[in-house]
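# Descriptive structure summary
What follows is the residue order along each chain.
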Amino acid sequence: MKGAFFLPIGLFLVIIIPVLLAENFQPYQLQFFEFLFIPAACWWPIFLFYEYYEEGNRDLLFTYPVPSIYHGLQRVSVFFVLYLILLLILIIVMFIKLKEASFIALLIPYATEAVFFAGLGFSLTTLTKNIILPFIFIGFYVSGEYFAKSQLPWYHAMYFNTTVPTLNDVLIKSLSNLVIGIILFYSGQYFLNRKQT
């Protein structure tokens, strides 16, 4: 992973420092947070497979004396929990700054959206046996969502709130993101278990 490991931490700092320094954090700034930090949930799940898929060590996956779930869901989950800790810190700070916000209404949508992106990154990586294509796909998806404001003909995982969300506003999409994210995680493990042809 080398220096690329630190990208989510760098994004965390890029977002949290201005939020901490701002006297008034405005709800419309949630879009910036969602566009920049939430898709970074896919970063570590994708880069965990760099040495396997990009450095020609694919055959090593099936020679280690540990179950494949260790290389897949277990490793990805550990790094996803690290990401969720950063996300939780950001949401706590934004909750303090947005005085009229509900903590649960901030946590649930962005945490479930992070599950969606992490699952998408993991499943695309193990499906394509490549780390560049998932980044391109997710970059295209996020850019399309942002610039077309959810008008493109695909599933819209992002919220792009310009006001403080309420739980009723985000509950249905949050449940959808969570279910799809879990399916994507298990799909990623399924693709990982398939031997190279």
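For the structure, see preceding data.
In short, a report on the structure. Small disclaimer: the values here were computed from a predicted structure and weren't measured. (Residues numbered from 1 in each chain as written. Predicted model: local features only at pLDDT ≥ 70, side-chain atom pairs only at ≥ 80, totals over all residues. Heavy atoms only, no water.)

## Observations regarding the overall build of the protein
Convention followed: Secondary structure is summarised from DSSP: a helix means a run of H or I of at least four residues, a strand means a run of E of at least two, and numbering begins at the N terminus for each. As a reference, a globule follows 2.2 Å times the number of residues to the power 0.38, and the radius of gyration itself is taken over C-alpha atoms.
When its secondary structure is counted, the protein shows 8 helices and 0 strands. Along the protein, from the amino end to the carboxyl end, the secondary structure elements read α-α-α-α-α-α-α-α. Taking 16 Å as the expected radius of gyration for a compact globule of 197 residues, we find that the protein reaches 17 Å, a close match to that expectation. Based on the C-alpha atoms only, the size of the protein along its principal axes is roughly 55 × 35 × 25 Å.

## Regarding the nonpolar core
To keep it simple, the criterion reads: The definition of a nonpolar core used throughout is a set of buried Ala, Val, Leu, Ile, Met, Phe, Trp, Tyr and Cys residues joined through side-chain atoms within 4.5 Å. Accessible area is worked out with a 1.4 Å probe on protein chains only. A residue is then buried under 20% of its type maximum, exposed over 50%, and partly exposed in between. Any pair of residues with heavy atoms lying within 4.5 Å of one another is described as a contacting pair.
With 59 residues, the main nonpolar core has Phe33, Phe37, Tyr83, Leu87, Tyr110 and Phe117 as its most contacted residues. For this core, the secondary structure elements donating two or more residues are α1 (7-21), α2 (30-36), α3 (43-47), α4 (50-53), α5 (68-97), α6 (103-128), α7 (132-148) and α8 (167-193). Apart from residues lying up to four places away in sequence, Phe33 is in contact with Ile15, Ile38, Leu87, Leu90, Ile91, Met94 and Tyr110.

## Some points on a nonpolar patch on the surface
Selection rule: Surface patches are defined over residues having more than 30% relative accessible area and no salt bridge, joining like charges when they lie within 9 Å and nonpolar side chains (Val, Leu, Ile, Met, Phe, Trp, Tyr) when within 5 Å. For every accessible area listed, the method is Shrake-Rupley and the probe measures 1.4 Å; residues are considered covered only by the protein chains on display. Salt bridges are counted wherever a side-chain nitrogen of Lys or Arg sits within 4 Å of a carboxyl oxygen of Asp or Glu.
Taken together, the side chains of Leu13, Ile17, Leu20 and Leu21 make up a nonpolar region of the molecular surface, amounting to roughly 410 Å² of accessible area. Tracing the chain through its elements places Leu20 in helix α1.

## As for the packing of aromatic side chains
Put simply, the rule is: When the centres of two rings from Phe, Tyr and Trp lie within 6.5 Å, Trp using its six-membered ring, the rings pair. Their planes under 30 degrees apart give stacked, over 60 give edge-to-face, and anything left gives tilted. A positively charged side chain is recorded as over a ring if its NZ (Lys) or CZ (Arg) lies within 6 Å of the ring centre. The angle to the ring normal must also be within 35 degrees.
Scanning the entire structure with this criterion turns up 27 aromatic pairs. Ring plane angle 85° and centroid distance 5.1 Å describe the contact between Phe33 and Tyr110, whose orientation is recorded as edge-to-face. Taken together, the residues Phe33 in helix α2 and Tyr110 in helix α6 connect sequence positions 77 residues apart. Exposure class is identical for Phe33 and Tyr110. Each is buried. Aromatic side chains Phe80 and Tyr83 sit 6.2 Å apart centroid to centroid with 15° between the ring planes, which places their arrangement in the stacked category. Placement of the pair is Phe80 and Tyr83 together in helix α5, with a separation of 3 residues, close to one helical turn. For the pair Phe80 and Tyr83, one class covers both residues: buried. In textbook terms, an aromatic cluster arises when at least three aromatic residues are bridged by ring pairs, as seen for Phe33, Phe37, Phe49, Phe80, Tyr83, Tyr110, Phe122, Tyr159 and Phe185. Just above the ring of Phe49 sits the side chain of Arg75; from NZ or CZ to the centre is 6.0 Å.

## Some thoughts on the environment of Ile17
Considering the arrangement of structural elements, one finds Ile17 in helix α1. Assessed through its relative accessible area of 44%, Ile17 is described here as partly exposed. Separated by 114 residues in sequence, Ile17 and Ile131 place their C-alpha atoms 30 Å apart.

## Quick notes on α7
Definition in use: The length a helix should cover is 1.5 Å for every residue beyond the first.
Under the 1.5 Å per step criterion, the end-to-end length of α7 is 24 Å for 17 residues, consistent within 8% with the ideal 24 Å. Of all the positions in α7, only Pro134, Phe135, Ile138, Tyr141, Val142, Gly144 and Glu145 are classed as buried. Looking at the buried positions of α7, the neighbouring elements they touch are α2, α3 and α6. Directly beyond the C-terminal end of α7, a positive phi value near 50° is found at Lys149.

## Considerations on the layout of surface pockets
Summary: where empty space remains is shown by rolling a probe the size of a single water molecule over the atoms. Definition in use: Only protein atoms enter the calculation, which uses a 1 Å grid: trapped sets of points that fit a 1.4 Å probe without letting it out are cavities, open sets showing protein on both sides within 12 Å along at least five of seven lines are pockets, and any residue with an atom within 4 Å of a point is a lining residue. Grid points are joined across faces, edges and corners, and a volume is the space filled by probe spheres set on the points. Residue polarity follows a fixed list, in which Ala, Val, Leu, Ile, Met, Phe, Trp, Tyr, Cys and Pro are nonpolar, Asp, Glu, Lys and Arg are charged, and the others, Gly among them, are polar.
The space that makes up the largest pocket amounts to roughly 220 Å³. Every residue lining the largest pocket is counted, 13 residues in all, and those nearest its centre are Leu36, Pro39, Ala40, Ile138 and Gly139. The set of elements that each furnish at least two residues to the lining of the largest pocket consists of α1, α2 and α7. For the lining of the largest pocket, the leading source of residues is α7, giving 5 residues. The residue makeup of the lining of the largest pocket, split by class, is 11 nonpolar, 2 polar and no charged.

None of the figures reported here should be taken as evidence of function without further support.
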